[in-house]
Amino acid sequence: MKFTKKQIDRYSRQIILKKIGVIGQKKLLKASVLIVGAGGLGSPIAIYLAALGIGKIGIIDKDNVEISNLSRQIIFSTNDIKKSKSAVAINKLKKINPDIQVQSFKKKLTIKNISQVAKNFDLIVDGSDNFRTRFLINDYCLKNKKILVSGAISKFDGQVYTFNFSKKNSPCLRCFISHTPTNLDVDNCEYEGVLGTLGGIIGSIQANEVAKEILGIGDTLCGYILIIDALKLTFRKVKLNKRSDCYCNGKK
Ligand SMILES: [Zn+2]
């Protein structure tokens with residue numbers, strides 16, 4: 001891959017960084033990332049990943065834009081109401097960076113379609129809003145040894161965790177949520193509310209984790225959970241241990 005003059009200009013602030021350089025920028029352009037959910041988290045994740053030059057971005061979301069989304073889902077505008085979220089998001093990404101390939105999936109991610117949807121992506125970013133989807137992505141990434149960068153927001157709180165399942169001792173989501181929640185399909189933001197900026201804080205950290213995983217730089221959150229309280233503005237990084245009786249250790 002040889003950079004054009006336009007590409008060198010576009011990515012110049014990243015290429016100038018010693019830890020990235022031309023080689024790192026090529027890694028980003030060769031990477032493929034699937035974003036699950038074009039919502040409060042998916043919006044900033046998609047915008048940043050497109051801007052920094054992730055070569056192939058997929059977005060899956062079954063919904064259309066609603067007026068109640070606009071307080072936090074910053075990839076959408078008022079005139080996008082009733083349009084398909086994944087299609088609108090992909091069109092915005094193409095405008096941000098015509099250099100990249102984009103793919104939209106207007107459907108719900110299910111156990112039946114996850115292999116087909118996710119197979120051509122190296123890394124999955126979870127910006128979904130319910131436990132059923134979170135567990136589904138966790139189990140798929142675990143089985144296929146893919147990197148998962150997951151985030152969650154509710155009220156004034158947020159969490160980020162990264163699992164690199166190519167590493168033998170990586171814990172999984174089920175290691176710290178050992179019981180099956182009763183509210184598997186509930187969207188907490190809808191029932192409990194959320195401050196719009198939480199999506200930006202957590203989604204930007206997720207995009208940052210994705211970049212570091214692809215570039216192989218810095219210390220990622222792998223094996224930790226970052227818990228953010230936006231009211232007190234505290235950031236706690238807590239070590240997650242692989243549970244010996246967990247699904248990821250071959251237990252049912
Ligand atoms: Zn586990």
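Remember, it's a predicted structure, so these values are computed and weren't measured experimentally.

Novice: Looking at this model, I keep getting lost on the sheet that holds strand β3 (residues 101-105). Mind explaining?
Specialist: The pairing of strands in a sheet happens through backbone hydrogen bonds and is either parallel or antiparallel. Read from one edge to the other, the open sheet built from 8 strands follows the order β3-β2-β1-β4-β5-β6-β7-β8, with strand pairing classed as mixed. Pairing within the sheet leaves two strands with one partner each, and these edge strands are β3 and β8 (234-239). Averaged over all adjacent pairs, the angle separating strand axes in this sheet is 15 degrees, with direction ignored. Note that strand β1 (residues 32-36) and strand β2 (residues 56-60) share 5 bridges and pair parallel. Of the residues in β2, the one forming a bridge with valine 36 is isoleucine 60. Seen against the sheet, helix α5 (residues 85-96) touches β2 and β3 and runs at an angle of roughly 170 degrees to β3. Against the sheet, helix α10 (residues 197-215) contacts β1, β4 (123-126), β5 (147-154), β6 (157-164), β7 (224-229) and β8, and its axis sits at roughly 170 degrees relative to β5.

Novice: Explain the packing of helix α4 (residues 42-52) against α10 here, please?
Specialist: When two helices pack together, you describe them by how their axes are tilted relative to each other and by the distance separating the axes. Between α4 and α10, the least distance of the axes is 8 Å, while the angle of their chain directions is 40 degrees. The angle between the axes of α4 and α10 places the two elements in the oblique class. Crossing of α4 against α10: the hand is right-handed. Between α4 and α10, the contacting residues are Pro44, Ile45, Tyr48, Leu49 and Leu52 on the first element and Gly199, Gly200, Gly203, Ser204, Gln206, Ala207, Val210 and Ala211 on the second. Counted by class, the contact of α4 with α10 contains 8 nonpolar, 5 polar and no charged residues.

Novice: Please explain the coordination of the zinc ion as it appears in this structure.
Specialist: Four donors placed tetrahedrally about a metal ideally form angles of 109.5 degrees, and six donors placed octahedrally ideally form angles of 90 or 180 degrees. Within the protein, the zinc ion binds to Cys172 (SG), Cys175 (SG), Cys246 (SG) and Cys248 (SG); these donor distances fall in the range 2.3 to 2.4 Å. Here the zinc ion binds 4 donor atoms, and the angle range of 97 to 128 degrees at the metal identifies the geometry as tetrahedral. Between consecutive donor residues of the zinc ion, the sequence gaps follow C-x2-C-x70-C-x1-C. A residue pair is termed long-range when its members are at least 10 positions apart, and cysteine 175 in helix α8 (residues 173-176) and cysteine 246 in the segment after β8 qualify at 71 residues.

Novice: Honestly, helix α3 (residues 21-30) in this entry has me stumped. Any pointers?
Specialist: Along α3, the positions that sit buried rather than exposed are Gly21, Gly24, Gln25, Leu28 and Leu29. The buried residues of α3 occupy an angular sector of 140 degrees when projected down its axis, which confines them to one face. The outward face of α3, more than 90 degrees from its buried face, is lined by the exposed residues Ile23 and Lys30. The secondary structure elements touched by the buried residues of α3 are α1 (5-10), α2 (12-15), α4 and α10.

Rules used throughout
- Residues numbered from 1 in each chain as written.
- Predicted model: local features only at pLDDT ≥ 70, side-chain atom pairs only at ≥ 80, totals over all residues.
- Heavy atoms only, no water.
- Pairing = 2+ DSSP bridges.
- Helix = DSSP H or I, 4+ residues; strand = E, 2+ residues; numbered from the N terminus.
- Axes fitted to C-alpha atoms, helices over the stretch in contact; angles between N-to-C directions.
- Contact = heavy atoms within 4.5 Å.
- Parallel < 35°, antiparallel > 145°, perpendicular 65-115°, else oblique.
- Left-handed = near helix turned anticlockwise from the far one by under 90°.
- Nonpolar A, V, L, I, M, F, W, Y, C, P; charged D, E, K, R; others polar.
- Donors = N, O, S within 2.8 Å, 3.2 Å for Na, K, Ca; no water.
- Tetrahedral: all angles 85-135°; square planar, octahedral: opposite > 155°, others 65-115°.
- Buried < 20%, exposed > 50% of the residue type's maximum accessible area, 1.4 Å probe, protein only.
- Arc of directions from axis to C-beta.

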